[in-house]
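# Residue-level structural notes
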Amino acid sequence: MRIVLLGAPGSGKGTQATRLSERYGIPQIATGDLLREARAAGSELGRRAKEAMDAGRLVSDDIVLGIIRERLSRSDADQGFILDGFPRNTTQAQALDTLLEKIEQPLDAALLLDIDPDTLIRRLTGRLTCPQCARVYNIYTHAPKLDNQCDCDGTQLVHRSDDNESTIEKRLQVFATYTHPLIAFYSKQKKLLTVDAEGTIDEITRRIRKALEPFTRTRKRSN
Ligand SMILES: [Zn+2]
């Protein structure tokens, strides 16, 4: 199963990607991590990525695509992948299609975790973390038993400074701006799967699995 994952900050995308990766035995490929890895590994592409990043430039699409191509050639991606963080615009989406055609691994679907912005703001602004054990709470959806104290160790919980409303609105705005054309792009290809991302993590996982069912069946048949 080969999918691109689209979801706003706070949509639970990371958690769901991890679950999908475990369930279907395919790697979760986050381009941010991939770039850091390539830099650390010191490959030719990694070196070029480092140069761009050190100079404060964006890493070019060519380099990112090259690194994605290298990653997909590893054996753990034989059964597919979950791509997270790329593409971010339709030019990149087109280039990705071209690459995937070339290596005969066309995309099955673009999975959009769809959630109302007001709900997202509530989720994100309500977040509290424990500096001791890193547990995450939410005053709206998953409050600690005692006000502002970690259930496990009683440590005073903290609110991250970038979890304030205006920062979050800005992040959501950026997300909406780049995602809108991508939604249109994949929708036109009839590859867009929209999943309602409100509710509990388990509920969302169930919806995603259901949406992805057609692709798991195809894979079993062809094996
Ligand atoms: Zn704690």
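Just above, that's the structure.
Conventions adopted
Residues numbered from 1 in each chain as written. Predicted model: local features only at pLDDT ≥ 70, side-chain atom pairs only at ≥ 80, totals over all residues. Heavy atoms only, no water. 1 Å grid on protein atoms, 1.4 Å probe; cavity = no way out; pocket = protein on both sides within 12 Å on 5 of 7 lines; lining within 4 Å. Points joined across faces, edges and corners; volume = space filled by probe spheres on them. Helix = DSSP H or I, 4+ residues; strand = E, 2+ residues; numbered from the N terminus. Nonpolar A, V, L, I, M, F, W, Y, C, P; charged D, E, K, R; others polar. Buried < 20%, exposed > 50% of the residue type's maximum accessible area, 1.4 Å probe, protein only. Arc of directions from axis to C-beta. Contact = heavy atoms within 4.5 Å. Salt bridge = Lys/Arg side-chain N within 4 Å of Asp/Glu carboxyl O. Core = buried A, V, L, I, M, F, W, Y, C linked by side-chain atoms within 4.5 Å. Donors = N, O, S within 2.8 Å, 3.2 Å for Na, K, Ca; no water.

## As for empty space enclosed by the protein
Evaluation of the coordinates by the stated rule reveals one cavity of 30 Å³ or more. Within this model, the largest cavity holds a volume of roughly 60 Å³. Every residue along the wall of the largest cavity is listed here: Val4, Leu5, Leu6, Gly7, Lys13, Asp84, Gly85, Phe86, Pro87, Phe175 and Tyr178. Listed by contribution, the elements that provide at least two residues to the lining of the largest cavity are strand 1 (2–7) and helix 7 (165–188). Take the lining of the largest cavity: its biggest share by element is four residues, from strand 1. Split by residue class, the lining of the largest cavity holds seven nonpolar, two polar and two charged.

## Some words on helix 2 (residues 31–41)
Those residues of helix 2 that sit buried are Thr31, Leu34, Leu35 and Ala38. The buried residues of helix 2 all sit within an arc of 100° when viewed along its axis, so they share a single face. Relative to its buried face, helix 2 has exposed residues pointing more than 90 degrees away, namely Arg36 and Ala40. Buried residues along helix 2 sit in contact with strand 2 (28–30), helix 3 (44–54), helix 4 (61–72) and strand 3 (81–84).

## Some details on the pattern of salt bridges
Scanning all chains against the criterion turns up 11 salt bridges. Here Arg47 and Glu44 are joined by a salt bridge, their closest N and O atoms 3.2 Å apart. With Arg47 and Glu44 both in helix 3 and three residues apart, the pair spans about one turn of that helix. In this structure, a network of salt bridges that share partners links the residues Arg39, Lys50 and Asp54.

## Concerning the nonpolar core
Soluble, globular proteins show a tendency: their nonpolar side chains are buried together. Among the nonpolar cores identified, the biggest contains 30 residues, and Val4, Ile67, Ile68, Leu83, Leu96 and Tyr186 are the most heavily contacted of them. Where this core is concerned, the elements lending two or more residues are strand 1, helix 2, helix 3, helix 4, strand 3, helix 5 (90–102), strand 4 (109–114) and helix 7. The biggest single contributor to this core is helix 4, with six residues. The residues touching Leu96, leaving out its near neighbours within four places in the chain, are Val4, Leu65, Leu83, Phe86, Pro87 and Tyr186. Residues Leu5, Leu120, Leu124 and Ile208 belong to the second largest nonpolar core, which totals 26 residues.

## Observations regarding the coordination of the zinc ion
Those protein atoms acting as donors to the zinc ion are Cys130 (SG), Cys133 (SG), Cys150 (SG), Asp153 (OD) and Asp153 (OD), and they sit at 2.2 to 2.6 Å. Going along the chain, you hit the donors of the zinc ion in the pattern C-x2-C-x16-C-x2-D. Of this pair, Cys130 sits in the loop between strand 5 (127–129) and strand 6 (136–138) while Cys150 sits in the loop between strand 6 and helix 7, and the two are 20 residues apart along the sequence. We classify Cys130 as buried; its relative accessible area is 3%.

## Some words on the layout of surface pockets
When its volume is computed, the largest pocket comes out at roughly 990 Å³. Lining the largest pocket are 34 residues, with Gly10, Ser11, Gly12, Arg123 and Arg127 sitting closest to its centre. At the level of secondary structure, the elements contributing two or more residues to the lining of the largest pocket comprise helix 1 (13–24), helix 6 (117–125), strand 6, helix 7 and helix 8 (201–222). Here the lining of the largest pocket is composed, by residue class, of 11 nonpolar, 15 polar and eight charged.

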